[in-house]
Protein chains: 2
Amino acid sequence: MANASGGGTIQLHEFAREFTLKIYTPGYGDWAVLGHSGNVEATFRCLATLCNPGDSILVEEWTFPSVLATAKPMGLKPVSVKMDGQGMTAADLERVLSTWNENLQGKRPHVMYTVPIGQNPTGAQMGAKRKLAIYDICVRYDIIIIEDDPYYFLQEGAYVPKALRPAKIQSQSEDVDDPEGFIKSLAPSYPKFDYQGRVIRLDSFSKIIAPGSRMGWFTCNPVFAERLDRLGETTTQAPSGFSQAIIIQLVAKQWGMKKFIRWLQDLRGEYTSRRDFIIDTIHELFDVLPSSGTSGESFPESLPSMIAYIKESTISESKDSKVVMNRKTPLFTFIPPTSGMFLWIKFHVGQYTILKPGETLTEHIFINLVKEGLLIAPGTLFSVNELESGEAFGRIAFSNGSREQLLEGLKVLERVMRKYTSGII
Amino acid sequence: MANASGGGTIQLHEFAREFTLKIYTPGYGDWAVLGHSGNVEATFRCLATLCNPGDSILVEEWTFPSVLATAKPMGLKPVSVKMDGQGMTAADLERVLSTWNENLQGKRPHVMYTVPIGQNPTGAQMGAKRKLAIYDICVRYDIIIIEDDPYYFLQEGAYVPKALRPAKIQSQSEDVDDPEGFIKSLAPSYPKFDYQGRVIRLDSFSKIIAPGSRMGWFTCNPVFAERLDRLGETTTQAPSGFSQAIIIQLVAKQWGMKKFIRWLQDLRGEYTSRRDFIIDTIHELFDVLPSSGTSGESFPESLPSMIAYIKESTISESKDSKVVMNRKTPLFTFIPPTSGMFLWIKFHVGQYTILKPGETLTEHIFINLVKEGLLIAPGTLFSVNELESGEAFGRIAFSNGSREQLLEGLKVLERVMRKYTSGII
């Protein structure tokens, strides 16, 4: 295993190497690790190192807004690849690349940015088979993969309805002292399939130790690591010495690998419980039915989308004839997330309201939710392409807040959706 | 006072505002502060924000290597301005700008990068009059000044020979409890003269609290601050939360402003003592005489340069006829630094040795010093322009190491210089 010269202390690099070897098991021998100042800084360094102005880069059709904001001033053009419940589809990636016309579209992309686990914003999670298929396409078209993977350990698995869950919880708690079983239960990361050194994996401590620690590491081939280190020398140099001292002392010295992995396992448990809580609560506040067909391209066929309606049992209390009339029309669609910290929803309430000229449905919903006290991330932030008028998406974070606050937030959602159906907003 | 939205906690920004107002007293009202991840990162952000590929930027003829390494991949062309004992000269700046030929040289520079106090590598310190003259030129030619000033508090003052010093030390220790007197004793920073908002001042905690803290702040006009913050959002976001928590807790909460300034005063005292120690030691190990004329453009007329020779009193012990013969020829020239942590020296030993083809005198000296155990920074690192063959400079840091180690290092310097004069290397 090679190592770059800078980018952090020996202790950080030793820890990163040991952890990467144990958890991600890269598919080749001479991979390197290099400290960075958080995955946003790391993504910037990858794009600045690998791309030239005018280049196109491949991204999921819904993606982390920061990568779009990073790419634009560099003169890079994000090219979206369609998604399903596992994130980016191999079929659409193949389509984009095989039909690429350099005369019309400029140079074919040679870099991909992807968030394969707990995808931001959709919460999609990519399994081994899909990753292998995408990796193979990247080999054929010579694409470098930037795997931004801060949510890797928040793999919550499929949502199980509350009534069916106790047995499941019991079986989960049984393997709490089985770190090897936990590691095996995780979807593999791209480096596992990387036999050509074309993956740059980005790890971060921000989602697993403390937000704002501005510290993580690259795992990639030593040639890339050396170049990334050179750019680091004229920008961040290394993660903060305080971050390094505190985090490495905690995870490597005080805890050690076994306890740290146990911590990650508990963290997954906590996020699973939060995911379950918000999906359970949506079922309590709305009537939720599986989608019979597809519900828009952003909601895939491979995982069942759920559609939320006004709760039938509350209709009789309603004196509003419009609400009664609209009780069978969908409010929003969602897929219970299988990883990460976000619930992604598609709103269908545009039919109940008339937008002002220039106003978008996303803004309209966003503002009405904020007025009632719920702040969501408007879907437009995450969209590589222009949305069609009347389309609206939103991202709800369940990473923060008490159960009471999450409940309160979802009650706001219910109240505002009901207002739409009554035609008063 | 306006403030940017990101780049750190409210506590960091409050502290930075209070400190800036107290120490640097900017010349206009609506200046902003913004946290950054160290002055190297901050310089990168300034250049990336203010410059386009192909632009020329003004720098001192000897400058911090990192800014050269930052500028080059951005396609920026550093243009050197001649220096004297106060750093960049106003006369040469005026010459560079007034004789600029856009047909031959491309667009006239609109950005200057300068280290005005404890200049790296020369240790030069710029006073109020020079700064005002340079600022006025920048007004006329519309130049933005990036003031990289991490050594601001290490203003050691003129070197006083050991025999004359006790009284001076006593008078210094008398005002240890006079923070206002200490502040008044410091050369002003560019923002004091900045009535147009054309200065971006970079403060860092790395030289005054802990190296590697990767934390400091910009002081500049709010329009620049907003733009610098936008680039921060897609790179470092904010300094490490751990750095912010620890440093601000220490300086703002535990110490408070008065004790922090006292700390800075003590720090100046420690660096003054170190500077005195190495210059005293050079006087002990060498015969040191003031230069009668000028000793090369890098050593100014406005401060007396000192020339070091083989110590006459050791010659009688020498059995080497060449050393005896060469005892009146200069070994190196230096100016006792008045601020910062570096001693800059120009070597004259090229006359005693024959270089291999392709070898530079700088390399030759560097390697011979390293062999004996002294690591200096080779002058070529800091040079904007190509050195003439036979020219060699070096930077000696006195920031680190015990007095014993500093003494040992200077003894190596003496031994190696003597070897040159004896013709054996």
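Residues numbered from 1 in each chain as written. Chains lettered and ligands numbered in written order. Predicted model: local features only at pLDDT ≥ 70, side-chain atom pairs only at ≥ 80, totals over all residues. Heavy atoms only, no water.

As annotated in an unreviewed UniProt entry, chain A is Aminotransferase class I/classII large domain-containing protein from Clathrus columnatus. Quoted straight from UniProt, the Sequence similarities (unreviewed entry) entry for chain A says "Belongs to the class-I pyridoxal-phosphate-dependent aminotransferase family." Regarding chain A, the UniProt comment filed under Cofactor (unreviewed entry) reads as follows: "pyridoxal 5'-phosphate". (UniProt positions renumbered as here; feature names shortened; annotations may be inferred.)

Asks: Describe the packing of helix α4 (residues 90–98) of chain B against helix α6 (residues 128–141) of chain B, listing the residues and the values that go with them.
Replies: Any two packed helices are characterised by how steeply their axes cross, that is the angle between the axes, and by the distance between the axes. Residues and elements named next belong to chain B. In the contact formed by α4 and α6, the axes pass within 9 Å of each other and the chain directions differ by 10 degrees. Compared by their axis directions, α4 and α6 come out roughly parallel. Counted together, A90, L93, E94, L97 and S98 of α4 and R130, A133, I134, I137, C138, R140 and Y141 of α6 form the full contact between these two elements. Taken together, the residues of the contact of α4 with α6 break down into 8 nonpolar, 1 polar and 3 charged. (Axes fitted to C-alpha atoms, helices over the stretch in contact; angles between N-to-C directions. Helix = DSSP H or I, 4+ residues; strand = E, 2+ residues; numbered from the N terminus. Parallel < 35°, antiparallel > 145°, perpendicular 65-115°, else oblique. Contact = heavy atoms within 4.5 Å. Nonpolar A, V, L, I, M, F, W, Y, C, P; charged D, E, K, R; others polar.)

Asks: I'd like a rundown of the relation of the copies chain A and chain B, residues and numbers included.
Replies: Laying chain A over chain B is done by rotating through 180 degrees and shifting 0.0 Å along the axis; what remains is an RMSD of 0.1 Å. The transformation just described matches what one would write down for a two-fold rotation axis. Mapped onto chain B, 100% of the interface residues of chain A again fall at the interface, so both copies present the same surface. (Least-squares fit on C-alpha atoms with pLDDT ≥ 70 in both.)

Asks: Go over the nonpolar core with me, naming the residues and quoting the values.
Replies: With 196 residues, the main nonpolar core has F332(A), F347(A), L413(A), F332(B), F347(B) and L413(B) as its most contacted residues. Residues in contact with F332(A), not counting those within four places in the same chain, are I282(A), F286(A), M306(A), I307(A), A308(A), I345(A), K346(A), F347(A), H348(A), L413(A) and M417(A). Formed by 21 residues, the second largest nonpolar core is a distinct cluster that contains L97(A), M112(A), I134(A) and Y190(A). (Core = buried A, V, L, I, M, F, W, Y, C linked by side-chain atoms within 4.5 Å. Buried < 20%, exposed > 50% of the residue type's maximum accessible area, 1.4 Å probe, protein only.)

Asks: Any chance you could break down the domain arrangement of chain A for me, citing the residues and the numbers?
Replies: All names here are of chain A. Taken domain by domain, chain A comprises domain 1 (10–260) and domain 2 (274–422). Between domain 1 and domain 2, the C-alpha centre-to-centre distance is 29 Å. Contact with domain 1, which involves 31 residues of that partner, is made by 29 residues of domain 2. Summed over both partners, the interface of domain 1 with domain 2 comes to about 2500 Å²; 56% of that surface belongs to carbon and sulfur atoms. Ranking the residues of domain 1 by area buried against domain 2 places W62, E156 and Y159 at the top, with a combined share of 30%. Linking domain 1 with domain 2 are 3 salt bridges. The residue R165 makes a salt bridge to D276 at a minimum N-O spacing of 3.4 Å. The interface formed by domain 1 and domain 2 holds 16 residue pairs in polar contact (both at pLDDT 80 or more) in total. Residue composition of the side of domain 1 that touches domain 2, grouped by class: 13 nonpolar, 10 polar and 8 charged. (Domains from an automatic or database assignment. Buried area = accessible area lost by both parts, 1.4 Å probe. Salt bridge = Lys/Arg side-chain N within 4 Å of Asp/Glu carboxyl O. Polar contact = N/O pair within 3.5 Å; in protein donor to acceptor, adjacent residues only side chain to side chain.)

Asks: Break down the side chain of E414(A) for me, with residues and values.
Replies: Residues and elements named next belong to chain A. Counting through the fold element by element, E414 comes out in helix α14 (residues 403–422). Using a relative accessible area of 13% as the deciding quantity, one classes E414 as buried. Excluding its chain neighbours within four sequence positions, the residues that come into contact with E414 are L285 and F286.

Asks: Run through the environment of G54(A), naming residues and quoting values.
Replies: Positionally, G54(A) belongs in the loop between α2 (39–50) and β2 (56–60). As for G54(A) and K107(A), which are separated by 53 residues in sequence, their C-alpha atoms are 8.3 Å apart.

Asks: A description of the pairing of strand β6 (residues 111–114) of chain B should follow, citing residues and the corresponding values.
Replies: Residue and element names in this part refer to chain B. Side chains V111 and Y113 project from β6 onto one buried face, and the interleaved M112 and T114 project onto a second face that is buried too. The pairing of strand β2 (residues 56–60) with β6 spans 2 bridges and is parallel. Paired with V59 across the strands is Y113, a residue of β6. When β6 meets strand β7 (residues 144–148), the two strands line up parallel, connected through 4 bridges. For T114, the partnering residue across the bridge sits in β7 and is E147. With respect to chirality, the unit in which β6 leads through α6 into the neighbouring parallel β7 is right-handed. (Pairing = 2+ DSSP bridges. Right-handed = clockwise from strand over helix to strand, strands pointing away.)

Asks: How would you summarise the sheet that holds strand β10 (residues 286–290) of chain A if you had to cite specific residues and measurements?
Replies: All names here are of chain A. Strand order across the open sheet formed by 6 strands is β10-β11-β12-β13-β15-β14, with antiparallel pairing between neighbours. Edge positions in the sheet fall to β10 and β14 (377–378), since each has one partner strand and no second. The pairing of β14 with strand β15 (residues 392–397) spans 2 bridges and is classified as antiparallel. Each bridged residue has a counterpart across the sheet, and for P378 the counterpart in β15 is G394. Relative to the sheet, helix α10 (residues 241–285) contacts β10, β11 (306–310), β12 (332–334) and β13 (342–347), its axis offset from that of β10 by approximately 110 degrees. Across the sheet, helix α13 (residues 361–372) touches β13, β14 and β15, and the angle it forms with β15 is around 40 degrees.

Asks: Go over the interface of chain A and chain B, please, and point to the residues and values.
Replies: Each side of the interface is counted separately: chain A has 23 residues, and chain B has 23 residues. Interface of chain A and chain B: buried area, both sides summed, is about 1800 Å²; carbon and sulfur atoms make up 67% of it. When the buried surface of chain A facing chain B is broken down by residue, R214(A), T234(A) and F242(A) rank first, second and third, together holding 33% of it. If you list the elements that add at least two residues to the side of chain A that touches chain B, you get α2, α3 (65–71) and α10 of chain A. Here the side of chain A that touches chain B takes 5 residues from α10(A), the largest share from any one element. Residues of the side of chain A that touches chain B, tallied by class, amount to 9 nonpolar, 11 polar and 3 charged.

Asks: Provide a residue-level description of unusual backbone geometry, including the pertinent values.
Replies: All names here are of chain A. For the peptide bond that leads from N120 to P121, omega is 20 degrees, which places it in the cis range. By the secondary structure assignment, P121 is in the loop between β6 (111–114) and α6 (128–141). Located in the positive-phi region is D142, a residue other than glycine, with phi close to 55 degrees. Counting through the fold element by element, D142 comes out in the loop between α6 and β7 (144–148).

Asks: Hey, could you go over the layout of surface pockets for me, with residue numbers and the actual values?
Replies: Residue and element names in this part refer to chain A. Put simply, the second largest pocket is a space of about 700 Å³. In this structure, the second largest pocket is lined by 31 residues; those nearest its centre are Y151, S206, K207, P211 and M341. Here the lining of the second largest pocket takes 3 residues from α10, the largest share from any one element. Here the residues of the lining of the second largest pocket sort into 17 nonpolar, 11 polar and 3 charged. (1 Å grid on protein atoms, 1.4 Å probe; cavity = no way out; pocket = protein on both sides within 12 Å on 5 of 7 lines; lining within 4 Å. Points joined across faces, edges and corners; volume = space filled by probe spheres on them.)

Asks: Describe the state of the cysteines, with residues and values.
Replies: Residue and element names in this part refer to chain A. Here the structure, examined in full by the defined rule, presents 0 disulfides over all chains. Between C46, a cysteine without a disulfide, and C220, which holds the nearest cysteine sulfur, the sulfur-to-sulfur distance is 7.4 Å. Given the relative accessible area of 0%, C46 is considered buried. (Disulfide = S-S within 2.5 Å.)

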